[in-house]
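Letter by letter, the chains look like this.
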Amino acid sequence: MSTGSGADSAPAPDTHDTPTDPEAPDRKTRTSGMFSSLKVRNYRLFFLGQVVSNIGTWMQRIAQDWLVLTLTASSAAVGITTALQFLPMLLFGLYGGVLVDRLRKRPTLLVTQSAMALTSLALAALTLTGQVEVWHVYVAAFVTGLATVVDNPARQSFVAELVGSGQLQNAVSLNSANFQSARLVGPAVAGVLITGVGTGWAFFLNGVSFIAPIAGLLMMRARELHAVTPSPRGKGQLREGLRYVAGRPELLWPIVLVGFIGTFAFNFPVYLSAFAGDVFDGGAGVYSLFNTLMAVGSLAGALLAARRGTARLRLLIMAAVAFGALEIVAAGAPTLWLFALLMIPIGLFAMTVNVTTNTSIQMATDPAVRGRVMALYMMVFLGGAPVGAPIVGWITDTYGARVGLAAGGAIAALAATVIGLILARVGNLRLTVGWDGGHPRMRFVPRTSGGAGPDGVAGVMAPVPVGAVSRGGTRRS
């Protein structure tokens, strides 16, 4: 989840967060510092609740993948579990976004977080009593996915209500750092629990961990939220959200890119469990090690994003190409330790892609449709797993883990290259390659002095703060 606002930053509803006020927000509300958004009380409560809950989430992810692999000895079955967890997002994600725009975010999150807690506790009871079967895990994954349909866009949109637009980049980055910090602890604890007392206790502790974010939501001060008035119920709201994205290249093409990456290259439960069990003949401890080292890189990527203060599509494209290339290199790693060490830069570039896309989309979106836009983003990013995970699992089972990982990396790198060229063309840019201080440097520059392209795309590809994109991209009616 996200973080909140403090007493000295209590806003008037809407006024400073709507993109129709193009100049004031960023200059008046943005503060510097890697951890600046933690000064806001509501965000701090949100952040601290997630420290606990995210550890539990990572414990459950590791335990769930390992339990399915133990019950079935099949990477495809792990892929099916992942697919079922994200299938509801693919089927109902856009409708979840419409609901989120109509509802108040905090009460909505209280309901979704409670539902996920109960699901984890039910799976824990089945596992601890020795009654668990693989179909139980499938059902639990699907139910969790149903809650996520509303929970994900609500949490993404709630960040802006907690901190305002001036702190949004920092808050999104710190949320990611929070999640990845938990990834350092959760897999390690899960590995100890799985080998020591079994997977059931990991599910139980995850269920209990939801107490922390629920308590944080209840303790927030409603008057200090940057509240956005819920959209009234009406016809055509889903189509309205889709038209909004379709008319803005700076929203459409990053969403397409993360769709390819999320579908084929982010299937780490399939890849890493196969490398741990089949390629390197390890166990749960090796699988946890891979996840932990990837979390180290992801945490570094999130903290660097919090420090940058800008989100550029140029950075997104280059990070996506590097991420895909590193996956291809890792697929050929001859030793366990080389493969494990490559998880660090893979995690760093994966998180750079994630945070840059999330922030640039939120900053370029009108608050009135933010729930629908973020639902589309999450539907494409996470909802691609039901399509990609079984395919990747089948490739991994049939041709081996190395082929599966290399294929995913190749698709990511190719998609990033093609979409980067499309954005450059839309923004009337051209690619230049040169040397700077003895190092190669790639830049997008305008083809003509006056050509900025539609909707500020050139501004996002070039080194311009993301606030400029929000202003340029949301003036259109």
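What you see is a predicted model; the values in this text were computed from it and never measured. (Residues numbered from 1 in each chain as written. Predicted model: local features only at pLDDT ≥ 70, side-chain atom pairs only at ≥ 80, totals over all residues. Heavy atoms only, no water.)

Some points on the packing of helix H10 (residues 249-264) against helix H17 (residues 401-426)
Formally: As a rule, the C-alpha atoms of each element are fitted with a line to give its axis, helices using only the stretch in contact, and angles between N-to-C directions run from 0 to 180 degrees. Runs of E in the DSSP output that reach at least two residues are strands. Runs of H or I that reach at least four are helices, and both are numbered from the N terminus. Working rule for angles: under 35 degrees goes down as roughly parallel, over 145 as roughly antiparallel, 65 to 115 as roughly perpendicular, anything else as oblique. In what follows, a contact means two residues having at least one pair of non-hydrogen atoms within 4.5 Å. Polar here means any residue other than Ala, Val, Leu, Ile, Met, Phe, Trp, Tyr, Cys and Pro, which are nonpolar, and Asp, Glu, Lys and Arg, which are charged; Gly is therefore polar.
Viewed as axis vectors pointing N to C, H10 and H17 meet at an angle of 170 degrees, and their least axial separation amounts to 8 Å. Taken together, the axes of H10 and H17 lie roughly antiparallel to each other. Only Gly408, Ile411, Ala412, Ala415, Ala416, Ile419, Ile422, Leu423 and Val426 of H17 make contact with H10, whose side of the interface consists of Pro249, Trp253, Val256, Leu257, Phe260, Ile261 and Phe264. Of the residues assigned to the contact of H10 with H17, the class counts are 15 nonpolar, one polar and no charged.

Concerning the side chain of serine 120
For serine 120, the location among the structural elements is in helix H4 (residues 105-128). Beyond its immediate stretch of four places on either side in the chain, serine 120 contacts Gln60, Phe203, Asn206, Gly207 and Phe210.

Looking at unusual backbone geometry
Positioned with a positive phi, aspartate 281 is a non-glycine residue whose angle comes to about 55 degrees. With respect to the helices, strands and loops of the structure, aspartate 281 is situated in the loop between helix H11 (268-279) and helix H12 (284-308).

Brief notes about the packing of helix H2 (residues 41-72) against helix H5 (residues 134-163)
We apply this condition: Helix crossings fall into two classes, left-handed where the near helix is turned counterclockwise from the far one by less than a right angle and right-handed where it is turned clockwise.
Relative to each other, H2 and H5 sit at 160 degrees, their axes nearing to 13 Å. The orientation of H2 relative to H5 falls into the category roughly antiparallel. H5 is crossed by H2, and the crossing has left-handed handedness. Where H2 abuts H5, its residues Asn42, Tyr43, Phe46, Gln64, Leu67, Val68, Leu71 and Thr72 lie against Val134, Val137, Ala141, Phe158, Leu162 and Val163. For the contact of H2 with H5, the per-class residue count stands at eleven nonpolar, three polar and no charged.

Quick look at the environment of proline 187
When you line up the elements, proline 187 lands in helix H6 (residues 168-196). Expressed as a C-alpha distance, the spacing of proline 187 and tryptophan 58, which sit 129 residues apart in the sequence, is 6.0 Å.

Re a nonpolar patch on the surface
Stated formally: For patch building, the residue pool is restricted to those with more than 30% relative accessible area and no salt bridge; the joining distance is 9 Å between like charges and 5 Å between nonpolar side chains (Val, Leu, Ile, Met, Phe, Trp, Tyr). The protein chains shown are the only cover counted for residues, whose accessible areas, like all others here, come from Shrake-Rupley with a 1.4 Å probe. The working definition used for a salt bridge is a side-chain nitrogen of Lys or Arg within 4 Å of a carboxyl oxygen of Asp or Glu.
Side chains of Leu118, Leu121, Leu128, Val197, Trp201, Phe204, Leu205, Val208 and Ile211 sit close together on the surface and give an oily, nonpolar patch of about 790 Å² of accessible area. Sorting the residues of the nonpolar patch by element identifies H4 and helix H7 (200-209) as the ones contributing at least two each. Ranked by the residues each element gives to the nonpolar patch, the list is headed by H7, at four residues. Tracing the backbone shows leucine 205 in helix H7.

Focus on the nonpolar core
The condition is simple: Throughout this description, the term nonpolar core refers to a set of buried Ala, Val, Leu, Ile, Met, Phe, Trp, Tyr and Cys residues connected via side-chain atoms within 4.5 Å. Any residue under 20% of the maximum accessible area for its type is buried, any over 50% is exposed, and the rest in between are partly exposed; the area is computed with a 1.4 Å probe on protein chains only.
Counting 83 residues, the largest nonpolar core has Leu257, Ile261, Phe290, Phe323, Phe339 and Met343 as the members making the most contacts within it. Not counting chain neighbours up to four residues away, the residues in contact with isoleucine 261 comprise Phe266, Ala320, Phe323, Val353 and Ala412. Ranked by size, the runner-up nonpolar core spans 31 residues in total, among them Tyr43, Ala171, Ala305 and Met351.

Considering helix H3 (residues 75-102)
For the record, the criterion: Multiplying 1.5 Å by the residue count of a helix minus one yields the expected span of that helix. Values of bend correspond, residue by residue, to the angle between axes fitted over the seven residues ending at that residue and the seven starting there. As used in this structure description, the phrase polar contact means that two N or O atoms lie within 3.5 Å; if the pair is within protein, one of them must be able to donate a hydrogen and the other to accept it, and residues adjacent in sequence are counted only when both atoms belong to side chains.
With 28 residues, H3 should cover 40 Å at 1.5 Å per step; its first-to-last C-alpha distance of 40 Å lies within 8% of that length. The sharpest bend along H3 comes to roughly 70 degrees, located at phenylalanine 92. Its side-chain oxygen placed 3.2 Å from the backbone nitrogen of alanine 77, serine 74 serves as the N-cap of H3.

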